[in-house]
Amino acid sequence: MKPASTSSQGKRVLVTGGTGFLGSHLCERLLAEGAEVLCVDNFFTGRRSNVLHLLDNPQFEMMRHDITFPLYVEVDEIYNLACPASPIHYQFDPVQTTKTSVHGAINMLGLAKRIRAKIFQASTSEVYGDPDVHPQPESYWGHVNPVGPRSCYDEGKRCAETLFFDYHRQHGLKIKVGRIFNTYGPRMHPQDGRVVSNFIVQALQGRPITIFGDGSQTRSFCYVDDLIDGFVRLMATDAVVTGPMNLGNPKEFTIRELADLIRDVVGTRTPIIQMPLPQDDPRQRRPDISLARKVLDWEPRIQLRQGIEATVAHFDKLFAAGHMATKVELRQTG
């Protein structure tokens, strides 16, 4: 199937979670294609600084709103990205995390139903849990602990997918569900607790790099620009294409390999120390992207080293501009 044109020219598009890491990059992409963008966020993990450079664009509007409450706007398309996505953030208030995934999905689906808008759900590879199938195809139903510390996010996202497909079957809603695998790049939250940002900040601080477990567990890292291209391509497909669709990088790296690469890019010999694995932390995570290749003509283009170099440069600028504590200060307080 040949993918449709991804142009958003003339469309009014709502992006929930629009000041977050992924949301801000999506807003940029949509504006570049000629869309009017309504960016909605409650700023729990999103940051105004991520979209500061967009505020003077007459095609861009920002609204403070929590999607666990109804929203009444008129748009052509909705990208539902709102939800804390790193364990350190989603475990801070797990009840609210579940509400954001479930109540938020209900509210955005209700909005889409009322205005007959096409709606995209940012789902996650966490729906597969700690998988016993590798790599993970969309047909795999997952291996998820429903009562563990990660369940607020994992099960919240699984329930959101259920809601999307029930609205599609019951109300004929045009839905797109993308399952996001590990993504990194500029504007990651420095304190999000994710492995790429953790390692980069620790390396820039000259502190030991902390690996959970022995570092043999694997992840697949997709650069943010590649992922956003996947979002837009999926949204542009015909109505018969609903997903769920894996969006991520099928190249697999051990956590130790990532740590060594980041040390090399930063130019540090800071030591690596091991800590116990968190509960329910998956041993392997790699997407089967056969469906995205076939339907979207999509696969990641940015190599890991190239993307890490750009991400390190971003964090280094934050240090230089004083938006984060200096390296010396962080060594003293860490």
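Analysis parameters
- Residues numbered from 1 in each chain as written.
- Predicted model: local features only at pLDDT ≥ 70, side-chain atom pairs only at ≥ 80, totals over all residues.
- Heavy atoms only, no water.
- Buried < 20%, exposed > 50% of the residue type's maximum accessible area, 1.4 Å probe, protein only.
- Helix = DSSP H or I, 4+ residues; strand = E, 2+ residues; numbered from the N terminus.
- Pairing = 2+ DSSP bridges.
- Right-handed = clockwise from strand over helix to strand, strands pointing away.
- Phe/Tyr/Trp six-rings, centres within 6.5 Å; stacked < 30°, edge-to-face > 60°.
- Axes fitted to C-alpha atoms, helices over the stretch in contact; angles between N-to-C directions.
- Left-handed = near helix turned anticlockwise from the far one by under 90°.
- Contact = heavy atoms within 4.5 Å.
- Nonpolar A, V, L, I, M, F, W, Y, C, P; charged D, E, K, R; others polar.
- Core = buried A, V, L, I, M, F, W, Y, C linked by side-chain atoms within 4.5 Å.

Burial of strand E6 (residues 175-180) is extensive: 6 of the 6 residues sit out of reach of the surface. Alternating residues of E6 divide into Ile175, Val177 and Arg179 and Lys176, Gly178 and Ile180, and every residue in both groups is buried. In terms of strand pairing, strand E5 (residues 118-124) meets E6 through 6 bridges, oriented parallel. For Ile119, the partnering residue across the bridge sits in E6 and is Ile175. Where the polypeptide runs from E5 across helix H4 (residues 151-171) and back to E6, its parallel neighbour, the crossover connection is right-handed. Two elements, E6 and strand E11 (residues 245-247), share 3 bridges in a ladder whose sense is parallel. Along E11, the bridge assignment pairs Ile180 with Leu247.

Moving on to the packing of aromatic side chains. On inspection of all chains with the given rule, the structure shows 7 aromatic pairs. Measuring from centroid to centroid gives 6.0 Å for Tyr128 and Tyr140, while their planes differ by 20°, and the two rings are stacked. Residue Tyr128 is found in the loop between E5 and H4, and its partner Tyr140 is found in the loop between E5 and H4; the two are separated by 12 residues along the sequence. Overall, Tyr128 belongs to the buried group, its relative accessible area being 0%. Measuring from centroid to centroid gives 5.5 Å for Tyr184 and Tyr223, while their planes differ by 65°, and the two rings are edge-to-face. Residue Tyr184 is located in strand E7 (residues 183-184), and its partner Tyr223 is located in strand E10 (residues 222-223); the two are separated by 39 residues in the primary sequence. Judged on exposure class, the residue Tyr184 and its partner Tyr223 are both buried. Among the aromatic residues, ring-to-ring pairing joins Tyr79, Phe120 and Phe231 into one connected group.

Moving on to the packing of helix H1 (residues 21-32) against helix H6 (residues 224-235). The interhelical angle for the contact between H1 and H6, taken along N-to-C directions, is 65°, at an axis separation of 10 Å. Note on packing geometry: the crossing formed by H1 with H6 is right-handed. Residues Phe21, Leu22, His25, Leu26 and Arg29 of H1 form the contact with H6, whose participating residues are Val224, Asp225, Leu227, Ile228, Asp229, Phe231 and Val232. Here the residues of the contact of H1 with H6 sort into 8 nonpolar, 1 polar and 3 charged.

Our focus in this paragraph is the nonpolar core. Ranked by size, the top nonpolar core spans 60 residues in total, and within it Leu26, Tyr79, Phe231 and Ile308 carry the most contacts. Counting residues per element, this core draws most heavily on H6, which supplies 7 residues. Apart from residues no more than four positions distant in its own chain, Leu26 is found in contact with Val15, Tyr79, Leu81, Ile228, Phe231 and Val232. In terms of nonpolar packing, the next biggest core, distinct from the first, is built from 26 residues, Val40, Val75, Ala105 and Val177 among them.

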